[in-house]
Amino acid sequence: MRGKTFTAFAVMILVSLLLTQCTPTAAPPAAPTQAPAVAAAPTQAPIATTAPAAQKRVLRITFSWPDRIDPAVGNDYAGSTSLANLYDTLIFPNAKGGVDPWLAESWDVSQDGLTYTFHLRQGVKFHDGSLLKASDVVYSYDRLKAIGEGFAYLVTAGVEGVKAVDDATVEFKLSNATALFLPSLVRLYVASEALIRQNTKAEGPYGTDGDFGKEWLQTHDAGTGPYMVREFPLEQYLLMDKNTDWWGEFHPNAPDEVRFIGTTEAVTIRSLMQNKELEISDQWQSFEAYQALEKLDGVKIAPLQSLSSFYYMINNKKPPTDDVHCRRAIDYAFDYDAAVGLEWPGTRQMVGPVPAALAGHDPNVFTFKRDLDKAKAELALCKYANDIANYPIKVQWVAEVPDEEKWALLFQANMAEVGLKAEITKAPWLSLVENTSKLETSPSIATIYVSSDLPEAGLMLKQRYHSSTTGTWQQVEWLQDPQLDAAIDDALATLDDQERFAKYAKIQAELVDRAVSLWIYDQVEKHAYRTCVDWPAARGETSAIMGYQEYAAHIGVDCQ
Amino acid sequence: MAEEVSTHRGSVASITPEQIKEMERASRRENLGRNWYKFSRNPLSVIGVVTVILLILLATLAPLVAPFPKHAGPFTDFAHAKLPPEWGHLFGTDQIGRDVLSRIIFGLRSSLLMGVVVLALVVPPGVLLGLLAGYFQGMWIEAVIMRITDIFLAVPPLILALAVASVLEPNLWNGMLAVSLMWWPWYTRLVYGLAVALRNEYFVSAAEVTGASTAHILFREILPNTVSPILTKMSLDVAWVIIIGSMLSFVGLGVQPPEPSLGTMIADGARYLPDQWWIAIFPALAIVVVVLGFNLLGDGVRDMFAAQET
Amino acid sequence: MSLLNFLVRRIIYSVFVLLGLSIVIFLIARVMPGDPARMAVGARAPQWVVDRLREQMHLNQPLVVQYGYWLSDAVRGDFGLSLITQRPVTTDIKEFLPASLELVFFSGLLSAVGGIGLGIVSARYKDTWIDNVVRVFSYFGIVTPSFVFAILFILLFGFTLNWLPIIGRVHEQTAVPPLVTGAITVDALLAGQFGTFFDALRHLLLPAISLAMGSIAQEARITRSSMADNLSKDYIASARALGIPERVVMGRFLLKPSLIPTVSILGLDIASTLSVAFLVELIFNWPGLARYGMNAMLHKDLNAISAVILVLGAAFVTVNIIVDIIVAQLDPRIRLSATRSA
């Protein structure tokens with residue numbers, strides 16, 4: 001008897017399994033793609049009256065996870081994009097590399113360039129309905145400084161103090177004049193002091209500030225931005241609703257609902273795109289995956305300009321690359337065209353030591369081209385020339401970016417042509433970070449993408465070639481040159497654009513002449529997107545700094 | 001089987017030691033012949049043996065049999081990247097233009113090596129500990145050994161192997177070490193159970209009475225009677241070790257590129273699915289064939305010894 | 001040994017085993033090269049932030065002291081902060097464990113039903129083509145690693161045929177039931193949302209089958225062979241001779257004794273599913289504890305690693321106890337013992 005019921009049960013389960021497998025194809029109404037049309041009305045935004053039908057506009061984007069949305073913690077791609085959508089900042093980065101007024105309607109700078117006074121927009125409301133005050137800006141700054149994570153290194157450098165003059169005025173005092181201060185405010189996300197204090201746990205590492213609301217802010221927001229957190233199951237997705245009370249101007253077809261999905265799995269992205277369940281893809285797909293996505297109906301690839309470049313950072317302190325001639329030999333021997341050819345169309349070889357999209361980049365600086373004769377001539381001048389077989393060039397590439405193997409192998413083949421021996425190894429990112437922290441363990445070459453946080457050439461010069469970053473993964477060159485440091489600092493303290501850019505140009509020329517690095521290409525950030533999305537970034541109309549490409553308030557969604 | 005051996009021992013008085021040795025050898029030869037007969041009667045076992053032998057040959061002769069041996073190392077040929085399977089490249093080429101078949105053949109090396117080395121590292125200590133714990137049942141040695149064994153058995157071996165491998169520098173040898181650290185308790189437990197049963201057997205007591213050393217009792221009296229279960233477990237374990245090895249390299253904790261391994265080939269190739277399916281699917285099939293071969297072989301060995309028992 | 005007596009002894013013993021395990025894990029986690037504090041706050045954070053975190057995590061103290069802190073916190077259910085999520089590990093585990101348990105339970109159900117079902121069918125039609133198909137299937141099920149199944153299923157059912165979802169636990173427009181147990185299928189039933197229940201089930205299907213394939217195959221094989229063995233026994237022949245209906249013979253006399261080996265292997269298989277889930281959850285982006293643990297290992301998040309292994313160890317030990325009890329109930333010849341290896 002028991003056997004019979006058991007078999008019956010087994011059969012039942014099997015049948016029901018088969019049924020569940022079949023339903024989507026058999027009965028279209030159950031298919032997920034149809035769902036949005038049905039479950040629309042309640043959250044219908046007033047803005048969308050121009051839309052043909054009462055349909056919820058949804059924008060779905062995939063990201064590489066985790067996503068950290070605490071304004072004092074998040075600083076990677078997913079985090080800075082989320083923060084830009086959830087919070088407002090005093091100023092807003094524009095497509096030309098400059099900044100526009102935002103929460104600050106205007107500002108004054110003192111003669112010595114040490115005091116900035118910002119006049120705040122009135123009537124701006126936080127997502128809980130309370131009004132923005134100058135004290136919230138001060139609190140946001142203090143919180144960022146005390147926690148010290150996220151973009152703190154950028155915003156708090158060189159700031160002596162911040163105070164609220166009155167409810168509508170904030171004053172920043174700097175310890176030295178720097179052209180980087182104003183643009184850095186793009187990373188000061190303004191949060192509500194009252195809301196954070198309400199949600200602060202008394203126990204925590206920050207003394208009287210307890211945990212500074214860190215636990216709560218992980219899954220909630222306290223901003224004034226165009227979108228607000230509805231649901232954030234960590235590890236899965238971040239779901240945001242449109243803030244209809246936002247003071248700024250939405251795109252007429254701006255999405256009512258924005259969902260950041262935490263996956264970069266190729267087949268998943270492909271299925272989602274095909275099923276019209278994804279509007280914009282992440283930027284981490286393989287070349288082949290983009291080619292395939294491009295072939296889907298109504299899907300295009302947007303190669304966005306970015307502030308990130310691909311470097312083979314050459315160690316200037318270790319043999320054989322401590323000799324400038326050996327370095328030049330490498331720079332002449334490398335096949336740039338082949339390297340660029342492995343990337344998406346639109347990618348360009350790097351011109352000079354900083355990305356071309358930065359303000360202050362010198363487009364006329366000397367650029368290395370493959371020239372085997374010159375490479376051999378330079379190699380002959382290198383002091384290790386007679387014994388070069390005993391000085392292999394040790395190259396480490398980042399294990400987490402499997403595509404890098406292609407360039408590593410290309411490099412190896414190119415060097416072999418002029419008689420340089422390259423030993424390539426793959427290192428997990430964290431090991432590479434550790435290896436590059438000491439000269440003894442630093443490889444001859446580390447292959448690293450570095451992105452500029454601000455659209456200013458000076459920041460990149462400082463980040464890549466100044467002694468303050470030696471011993472981090474951002475500078476494996478180990479330049480440690482006091483004269484160069486002084487020149488960079490001097491340029492940064494020059495507030496006049498023309499004058500400052502001229503100083504940048506001089507530094508760029510010198511770095512190229514010394515062949516301190518192998519500059520490969522400026523990265524284009526590839527995203528697949530559906531053409532029913534009106535995406536300013538795809539037309540080059542947004543700032544190239546990280547986080548503003550997917551600024552949902554300015555994106556129009558008009559999809560079925 | 002225990003009975004069989006003890007009767008040998010029982011007739012010690014009338015026969016010289018040389019004669020015993022000769023008889024033992026003869027019976028072993030006879031056993032071997034009989035076993036092989038039983039083994040070869042099952043076509044599946046024969047398929048297993050043939051597959052395993054072929055795989056071992058392929059792996060050892062890789063530089064000779066692989067169509068493009070150079071493709072197993074640092075090599076690029078972007079002009080011929082992502083070619084679908086065709087006559088010149090039976091399994092196609094990968095994203096860097098390397099022949100997938102050649103890389104699979106070389107990838108077999110690390111898989112097989114994993115199986116062999118892990119068992120070589122694991123069986124001797126595992127068996128020794130099991131013998132000690134079983135023979136000294138009720139004493140502190142047993143308590144210490146078996147409680148430690150229980151601790152390691154409290155978590156599925158894959159989890160601790162992943163944890164250990166993630167701590168160490170990722171490479172093939174550390175992967176082997178990680179798996180080995182988690183695998184010995186299985187042998188300890190197996191041999192312990194057998195030794196506990198055997199230590200009360202007549203022939204063991206007899207050896208004790210005649211003043212044989214502990215080492216003699218452990219290795220000459222008890223150990224020979226645990227060989228067939230150990231061999232059975234080993235032949236079945238090879239397949240599991242290879243699977244676990246491929247799992248480690250799948251998440252990047254095993255062999256490092258450009259050296260090929262089946263697990264990393266699948267993980268890397270998965271990025272090119274579904275269009276360039278051959279980059280991931282052929283290595284996946286290769287794992288299936290390897291594991292299937294060892295599994296059939298292991299089943300054959302088990303059935304052979306099981307038949308002997310009855 | 002009575003059942004209660006057994007349970008008490010076994011649980012006490014298990015606690016000591018887990019304590020031992022905690023030392024092993026602790027050692028593994030702490031010999032990790034690299035500064036976990038630096039990894040937590042990122043490459044660009046200033047040194048003082050790293051130092052503060054090191055202080056907070058007691059990383060500057062000797063190992064024994066660190067273990068003392070860790071253990072005294074752990075017994076109070078506090079496993080410290082996770083470096084990846086920057087939340088208490090306990091919070092993370094509470095959030096991710098239900099998704100894993102749901103997956104493992106469902107895959108266990110599939111293994112039991114599918115495996116035993118196939119085994120019975122195979123034994124019933126022994127040596128026919130049906131039997132052969134099941135046996136070939138079993139072989140391939142056993143030898144194919146779960147991550148290979150996962151990739152193949154995503155490709156086949158998710159992408160090519162587009163039958164089943166391959167991401168998430170429910171469709172994005174499906175109303176998520178109020179959180180009670182954390183297992184969406186259960187919560188949906190509690191809330192009476194049958195649509196959500198079926199949607200969650202559809203999402204569970206591919207990862208669960210990928211996980212279950214191996215043990216379905218294993219169970220089918222064992223059930224078949226043990227039924228085949230028993231089928232040739234005298235008592236079956238006498239039962240048939242007595243004219244007892246075939247269904248009763250199959251069900252009562254054959255199936256029950258034949259299931260003993262299946263159940264004990266099934267228990268072990270379900271328990272080890274917990275570990276195989278590490279890869280399957282990673283591939284399916286399943287927001288469960290195994291994926292969390294896998295990410296923790298790849299990112300050297302030591303608090304999370306220790307806690308995940310300990311929790312899984314506890315689950316594994318518990319399942320083993322349950323299996324031992326069930327097997328003992330099925331087979332009176334088996335005696336219960338407090339230690340695993342005795």
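Below or above, wherever it landed, is the structure these notes cover.

Calculation notes
- Residues numbered from 1 in each chain as written.
- Chains lettered and ligands numbered in written order.
- Predicted model: local features only at pLDDT ≥ 70, side-chain atom pairs only at ≥ 80, totals over all residues.
- Helix = DSSP H or I, 4+ residues; strand = E, 2+ residues; numbered from the N terminus.
- Buried ≥ 20, exposed ≤ 12 C-beta atoms within 10 Å, placed from the backbone.
- Contact = placed C-beta atoms within 7 Å.
- Axes fitted to C-alpha atoms, helices over the stretch in contact; angles between N-to-C directions.
- Parallel < 35°, antiparallel > 145°, perpendicular 65-115°, else oblique.
- Nonpolar A, V, L, I, M, F, W, Y, C, P; charged D, E, K, R; others polar.
- Pairing = 2+ DSSP bridges.

### Description of the overall build of chain C
Then, in step 1: What chain C contains, in helices and strands, is 13 helices and 0 strands.
Then, in step 2: Secondary structure of chain C in N-to-C order comes out as α-α-α-α-α-α-α-α-α-α-α-α-α.
Then, in step 3: With respect to the three principal axes, the spread of C-alpha positions in chain C is 85 × 55 × 40 Å.
Then, in step 4: Considering chain C as a whole, with its 342 residues, one finds that 52% of them fall into the buried category.
Then, in step 5: Contacts in chain C between residues at least 24 apart in sequence constitute 70% of all its contacts with a sequence separation of at least 6.

### Some points on the overall build of chain B
Then, in step 1: When its secondary structure is counted, chain B shows 13 helices and 0 strands.
Then, in step 2: Walking chain B from its N terminus toward its C terminus, one meets helices and strands in the order α-α-α-α-α-α-α-α-α-α-α-α-α.
Then, in step 3: In terms of overall dimensions, chain B has a C-alpha envelope of 80 × 40 × 30 Å along the principal axes.
Then, in step 4: The contacts of chain B with a sequence gap of at least 6 include a subset with a gap of at least 24, amounting to 71%.

### Details of the packing of helix H6 (residues 140–152) of chain B against helix H1 (residues 3–30) of chain C
Then, in step 1: Across the interface, H6(B) lies against H1(C) with an axial gap of 8 Å and an inter-helix angle of 75°. The angle between H6(B) and H1(C) places the two elements in the roughly perpendicular class. Along the contact surface, H6(B) presents Arg147(B), Asp150(B) and Ile151(B), while H1(C) presents Val17(C), Gly20(C), Leu21(C) and Val24(C).
Then, in step 2: Here the residues of the contact of H6(B) with H1(C) are counted per class, giving 4 nonpolar, 1 polar and 2 charged.

### Focus on the sheet that holds strand S5 (residues 115–120) of chain A
Residue and element names in this part refer to chain A.
Then, in step 1: Taking strand neighbours across the sheet as the criterion, the 4 strands line up as S4-S5-S7-S6 in an open arrangement whose pairing is antiparallel. Strands at the two margins of the open sheet, each flanked by one partner only, are strand S4 (104–109) and strand S6 (159–166). The average angle at which neighbouring strand axes cross in this sheet is 20°, direction not considered.
Then, in step 2: Both S5 and strand S7 (residues 169–174) contribute to a ladder of 5 bridges, which runs antiparallel. Residue pairing for S7: Tyr116 is matched across the bridge by Phe172.
Then, in step 3: The sheet contacts of helix H4 (residues 134–147) involve S5, S6 and S7, and relative to S6 the element is tilted by about 160°.

### A closer look at the packing of helix H5 (residues 89–124) of chain C against helix H12 (residues 289–298) of chain C
All names here are of chain C.
Then, in step 1: Where H5 contacts H12, the axes come no closer than 7 Å and their chain directions differ by 125°. For the element pair H5 / H12, the angle class is oblique. Taking contact as the criterion, the partners of Asp92, Ile93, Phe96, Leu97 and Ser100 in H5 are, on H12, Leu289, Ala290 and Tyr292.
Then, in step 2: Considered class by class, the residues forming the contact of H5 with H12 number 6 nonpolar, 1 polar and 1 charged.

### Considerations on the interface of chain C and chain B
Then, in step 1: The interface of chain C with chain B comprises 40 residues on the first partner and 35 residues on the second.
Then, in step 2: The leading source of residues in the side of chain C that touches chain B is helix H11 (residues 246–284) of chain C, at 7 residues.
Then, in step 3: Grouping the amino acids of the side of chain C that touches chain B by side-chain chemistry returns 30 nonpolar, 8 polar and 2 charged.

### As for the environment of Leu83(A)
Residues and elements named next belong to chain A.
Then, in step 1: Here Leu83 is to be found in helix H3 (residues 77–86).
Then, in step 2: For Leu83, a count of 27 C-beta atoms within 10 Å corresponds to the buried category.
Then, in step 3: Here the alpha-carbon distance between Leu83 and Asp67, two residues 16 residues apart in the chain, equals 9.8 Å.
Then, in step 4: If sequence neighbours within four positions are ignored, Leu83 has contacts with Ile69, Pro71, Gly74, Tyr189 and Gly547.

### Side note on the pairing of S7(A)
Regular strands show a simple pattern: their side chains alternate between the two faces of the sheet.
Residue and element names in this part refer to chain A.
Then, in step 1: Of the strand pairs in this sheet, S6 and S7 are connected by 6 bridges, and their pairing is antiparallel. Residue pairing across strands places Asp166 opposite Thr169, the latter belonging to S7.
Then, in step 2: Linking two consecutive strands that pair antiparallel, namely S6 and S7, is a turn of 2 residues.

### Looking at the interface of chain A and chain B
Then, in step 1: If you look at the interface, chain A gives 17 residues, while chain B gives 18 residues.
Then, in step 2: When contributions to the side of chain A that touches chain B are tallied by element, the ones reaching two or more residues are helix H9 (266–274), helix H10 (287–294), helix H14 (404–418) and strand S14 (422–427) of chain A.
Then, in step 3: At 6 residues, the largest contribution of residues to the side of chain A that touches chain B is made by H14(A).
Then, in step 4: Classifying every residue of the side of chain A that touches chain B gives 11 nonpolar, 2 polar and 4 charged.

### Brief notes about the sheet that holds strand S13 (residues 393–398) of chain A
Residues and elements named next belong to chain A.
Then, in step 1: The 6 strands are arranged S12-S16-S11-S15-S13-S14 in an open sheet whose pairing can be described as mixed. Each edge of the sheet is formed by a strand with only one pairing partner; in this case those strands are strand S12 (348–349) and S14.
Then, in step 2: Bridging between S13 and S14 involves 6 bridges; their strand directions are parallel. Opposite Gln396, over in S14, you have Thr425 as the bridge partner.

### Let's talk about unusual backbone geometry
Then, in step 1: In this model, Pro319(A) is joined to Pro320(A) through a cis peptide bond whose omega is 0°.
Then, in step 2: Position of Pro320(A) relative to the elements: it lies in the loop between strand S11 (299–314) and helix H11 (324–333).
Then, in step 3: We note that Gln480(A) has phi near 45°; this positive angle belongs to a residue other than glycine.
Then, in step 4: Positive phi, normally seen in glycine, also occurs at Asn285(C), with a value near 55°.
Then, in step 5: Structurally, Asn285(C) is set in the loop between H11 and H12.

### Considerations on H11(A)
Because an α-helix packs 3.6 residues into every turn, residues spaced three or four apart end up facing the same way.
Residues and elements named next belong to chain A.
Then, in step 1: Burial runs high along H11: 8 of the 10 residues are buried.
Then, in step 2: Among all positions in H11, only Cys326, Arg327, Arg328, Ala329, Ile330, Asp331, Tyr332 and Ala333 are buried.
Then, in step 3: The inward-facing, buried residues of H11 contact S11, helix H13 (372–381), H14 and strand S16 (517–530).

### Notes on the environment of Pro320(A)
Residues and elements named next belong to chain A.
Then, in step 1: A residue is classified by how many C-beta atoms lie within 10 Å of it, and Pro320, with 25 of them, is buried.
Then, in step 2: Separated by 72 residues in sequence, Pro320 and Pro392 have C-alpha atoms that sit 7.8 Å apart.
Then, in step 3: Contact partners of Pro320, with chain neighbours within four places excluded, come to Cys326, Cys382, Tyr384, Ile388 and Tyr391.

### Quick notes on the pairing of S11(A)
Residue and element names in this part refer to chain A.
Then, in step 1: With 12 bridges joining them, S11 and S16 adopt antiparallel strand pairing. Across the sheet, residue Met313 finds its bridge partner in S16, namely Ser517.
Then, in step 2: In this sheet, strand S15 (residues 445–451) lies alongside S11 in antiparallel orientation, the contact comprising 7 bridges. Looking at S15, one finds that Ile314 is bridged to Ile445.

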